[in-house]
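# Fold and contact review
Residues per chain are reported as follows:
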Number of protein chains: 2
Amino acid sequence: MNSLTIRNVRPMGGEATSVILRDGRIAAFGDEVREGEEILDGAGAILIPGLVEAHTHMDKTLLGMGWYRNEVGPRLIDKIDNERMQRRVLGIDPARQSARQAVLAASLGTTHIRTHVDVDTEVGVAGIEGVLETREHYRDMVDIELVAFPQSGMLIRPGTVELMERALQLGAQVVGGLDPAGIDRDPKGHLDVVFGLAEKYGVPVDIHLHEPAELGAFSMELIIERTKALGLQGKVTISHAFCLGMTDQDYVATLIDALAQAQIHILTTAPSSRPAPAVKRLMEAGIVVAAGSDGVRDTWGPYNNPDMLERAVLVGLRNNLRRDDEVALALDTSTYGGARMMGLVDYGLDPGCRADLVLLDGETLAEAVVDRRPRRMVIKSGKVIARDGTALIAAP
Amino acid sequence: MNSLTIRNVRPMGGEATSVILRDGRIAAFGDEVREGEEILDGAGAILIPGLVEAHTHMDKTLLGMGWYRNEVGPRLIDKIDNERMQRRVLGIDPARQSARQAVLAASLGTTHIRTHVDVDTEVGVAGIEGVLETREHYRDMVDIELVAFPQSGMLIRPGTVELMERALQLGAQVVGGLDPAGIDRDPKGHLDVVFGLAEKYGVPVDIHLHEPAELGAFSMELIIERTKALGLQGKVTISHAFCLGMTDQDYVATLIDALAQAQIHILTTAPSSRPAPAVKRLMEAGIVVAAGSDGVRDTWGPYNNPDMLERAVLVGLRNNLRRDDEVALALDTSTYGGARMMGLVDYGLDPGCRADLVLLDGETLAEAVVDRRPRRMVIKSGKVIARDGTALIAAP
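What comes next is a walk through the structure. Remember, it's a predicted structure, so these values are computed and weren't measured experimentally.

## Notes on the relation of the copies chain B and chain A
Each copy of the sequence occupies a distinct position, and chain B is placed on chain A by a rotation of 180° and an axial shift of 0.0 Å, giving an RMSD of 0.0 Å. Both chain copies can therefore be described as sitting about a two-fold axis. Minimal C-alpha separation from the rotation axis in chain B is found for S272 of chain B, amounting to 2.3 Å. Interface overlap between copies is the fraction of interface residues in one copy that are interface residues in the other; for chain B against chain A it reaches 100%, indicating a shared surface.

## Examining the packing of aromatic side chains
Residue and element names in this part refer to chain A. Applying the stated criterion to the full structure yields 2 aromatic pairs over all chains. Considering the side-chain rings of Y336 and Y347, the 5.3 Å spacing of their centres and the 85° angle between planes classify their relative orientation as edge-to-face. Taken together, the residues Y336 in helix α11 (residues 336-341) and Y347 in the loop between α11 and β13 (357-360) connect sequence positions 11 residues apart. Looking at Y336, the relative accessible area reads 27%, which means it is partly exposed.

## A word on the pattern of salt bridges
Evaluated as defined, the whole model comprises 64 salt bridges over all chains. A salt bridge links D325 of chain B to R323 of chain B, with the nearest nitrogen and oxygen atoms 2.9 Å apart. The class for D325 of chain B is partly exposed, based on a relative accessible area of 46%. Within this structure, K60, E83, R87, D118 and D120 of chain A form a network of salt bridges that share partners.

## Describing the interface of chain B and chain A
Each partner contributes to the interface: chain B provides 37 residues, whereas chain A provides 37 residues. Here chain B and chain A share an interface that buries about 3200 Å² over both sides, 52% of which is from carbon and sulfur atoms. Of all residues in chain B, the largest losses of buried area upon contact with chain A belong to W67, Y303 and R322 of chain B, amounting jointly to 26% of the total for that side. The interface formed by chain B and chain A holds 8 salt bridges in total. With a shortest N-O distance of 3.9 Å, D324 of chain B and R69 of chain A are connected by a salt bridge.

## Re the sheet that holds β13 of chain A
Residues and elements named next belong to chain A. Judged by pairing direction, the sheet is mixed, and its 8 strands sit side by side in the order β3-β2-β1-β4-β13-β14-β15-β16 without closing on themselves. The sheet is open, and its two edges are formed by β3 (25-29) and β16 (390-391), each paired on a single side. Both β13 and strand β14 (residues 377-380) contribute to a ladder of 3 bridges, which runs antiparallel. Across the sheet, the residue bridging to L359 is M377, located in β14.

## Some thoughts on the packing of helix α2 (residues 94-107) of chain B against helix α3 (residues 126-137) of chain B
Residues and elements named next belong to chain B. It is the contact of α2 with α3, at a shortest axis distance of 7 Å, that shows an interaxial angle of 40°. As summarised for this structure, α2 and α3 are arranged oblique, according to the angle between their axes. Crossing handedness for the pair α2 and α3: right-handed. The residues of α3 that touch α2, namely those facing P94, A95, S98, A99 and A102, are A126, G127, G130, V131, E133 and T134. Its residues assigned to classes, the contact of α2 with α3 shows 6 nonpolar, 4 polar and 1 charged.

Conventions we followed
- Residues numbered from 1 in each chain as written.
- Chains lettered and ligands numbered in written order.
- Predicted model: local features only at pLDDT ≥ 70, side-chain atom pairs only at ≥ 80, totals over all residues.
- Heavy atoms only, no water.
- Least-squares fit on C-alpha atoms with pLDDT ≥ 70 in both.
- Contact = heavy atoms within 4.5 Å.
- Phe/Tyr/Trp six-rings, centres within 6.5 Å; stacked < 30°, edge-to-face > 60°.
- Helix = DSSP H or I, 4+ residues; strand = E, 2+ residues; numbered from the N terminus.
- Buried < 20%, exposed > 50% of the residue type's maximum accessible area, 1.4 Å probe, protein only.
- Salt bridge = Lys/Arg side-chain N within 4 Å of Asp/Glu carboxyl O.
- Buried area = accessible area lost by both parts, 1.4 Å probe.
- Pairing = 2+ DSSP bridges.
- Axes fitted to C-alpha atoms, helices over the stretch in contact; angles between N-to-C directions.
- Parallel < 35°, antiparallel > 145°, perpendicular 65-115°, else oblique.
- Left-handed = near helix turned anticlockwise from the far one by under 90°.
- Nonpolar A, V, L, I, M, F, W, Y, C, P; charged D, E, K, R; others polar.

So, in structure tokens, the structure goes:
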């Protein structure tokens, strides 16, 4: 039996104890170490469950590829078209690049990732195949869930729907979508295809919704209607959902009620230059809120990195979460919120949960979040996979 | 003659060269090293002028004091009142605390700081005296400029104006102010005192203006009127200026024109949870825009740290500055913008400028900003004062 005890850790910043891991799960807390079991010293570090990266694009990060000089135009379509072009020009290999991000993320304490992988008539399903390779190769380090993502639109690019089906057959676990009005110019048509695939393949849905204000709200209503009609409560995520940051507060309240009823999850990157969902208000309405890094150092922009503690800080800043209990809420979007969104079972610090854990430096949980020091230790399925900010397996 | 040559540095990320420092200034670029002069290897690092922290509160940071559990109420006045109380309860020593922040900031490459120091009827000028002590003690490490800052109001707390005068007599170099309507409830009265002190002592003005939208705009107009009436063009800064982020774009345009005419500078922390000035638009109108960390780990909130590269990232995120040329603009708020705001002469990378320099790791300037790695080397007045992220003088 594979076992490991870590002495002197403080779960969520509380009282020091030992955590005993057996067969990849948390067996118990306390001092019931058995003879012959391996023991490590936690040195008073804070113990939290593995960080959850609930929205990124691992197939197209430029990590390790030399600096990309960004001279892209201001519109969404400029960035989408430029990216398809740069994929050829720069030679962005989805397997290699997703592996780089997987290792970096793991070194930062991320144990679960949902990644949206481009599917379009140029790249076909090569991105899916590359990230599936990474998922398999690094399976002992991090769990990766793939969303088949029609970044360039579906209906405006004939052949894309068939490629989306192929992606789901190959092993993508979630069907994605994108700005049903803004890109495909056909909200009903786009969403009927997305939800049709969800029904046919029995997979959850995760839709990028950048559409602003009342336009985004209309698309959101169409998503809510389909979620309820198909009994997909708890299986649908709306990513970004900028429209929830619109000024018409009565309309926002109506949408929040409807989202809560349909058990739709909201994913935010806490963008500071856009209207954005109010995290605490959504949580208070009972909606699951998760956080993601979005694209990490890609052709869209240079700032994002896959540190989910930094993302918690950005969520905190964006939502003015200053008090210690509020910082804990911000961290929740990078831990339990992401886990609930992805439907992870056995996630957390209870005995019986998977032993996916991070040891953080800090006097309190809030200090650990705001300081974002190199992670003392990262544990995946009961095994140490990173120490002091460095993964024990190298990236390509 | 005190001299130092650093070989193989890339000014602003450009071609590699040597920089020769003599008597605390940049003497030349190139290879004219004289016999007997000290030589260091820059190893290809990017050379930038010292970072400028243009708005902070060093007298009340809690750095090194153990974690403060924040349970403060939501209103501005809650935070102000709580802080005055905690000053006594926690024993926040302005000399010790400002020294800690000075050393940390210097280790991060900051060579100039403008700090707003509380003056009120409880602390009197003890904060000013403490920070003056730090200014003197660490003068070879970082230049510190003090703003006499009536955090708790002036007119509503009789005796404060006299203390403000005393602060200026003791050595504060700038007169501060705060939400003339919101706190003192008397915009004309408050601003007449602030500008009266500026005239009497011949000092610049820096006013905290959190007031939102049309209310803030009214206070801003009063500031503009007084700036022009007293011939203080180029000597006045408005900090925060949230009202410039209001929705009435025609009104914003009018204000920007008036600010540019009066040569009033704008300081932003790039807050993501508040409306905020549009940095690029202000720059295009010819307005000097500087950046600051605001309070660092204090009773107001836990997130801020004094890293002016991180602040440039936050400015970039807040203002959607994605292209490389735009990232350079974001950095400008942490360098040249702050220097112009503070009226620093001899700042920059030209021969003759003060040798206040930072060596950064990164392939390009944009990468150095977004990566924020430990600073390779920090130089103040021609002498190395920090290496690899660690200051050569310890903090108390």
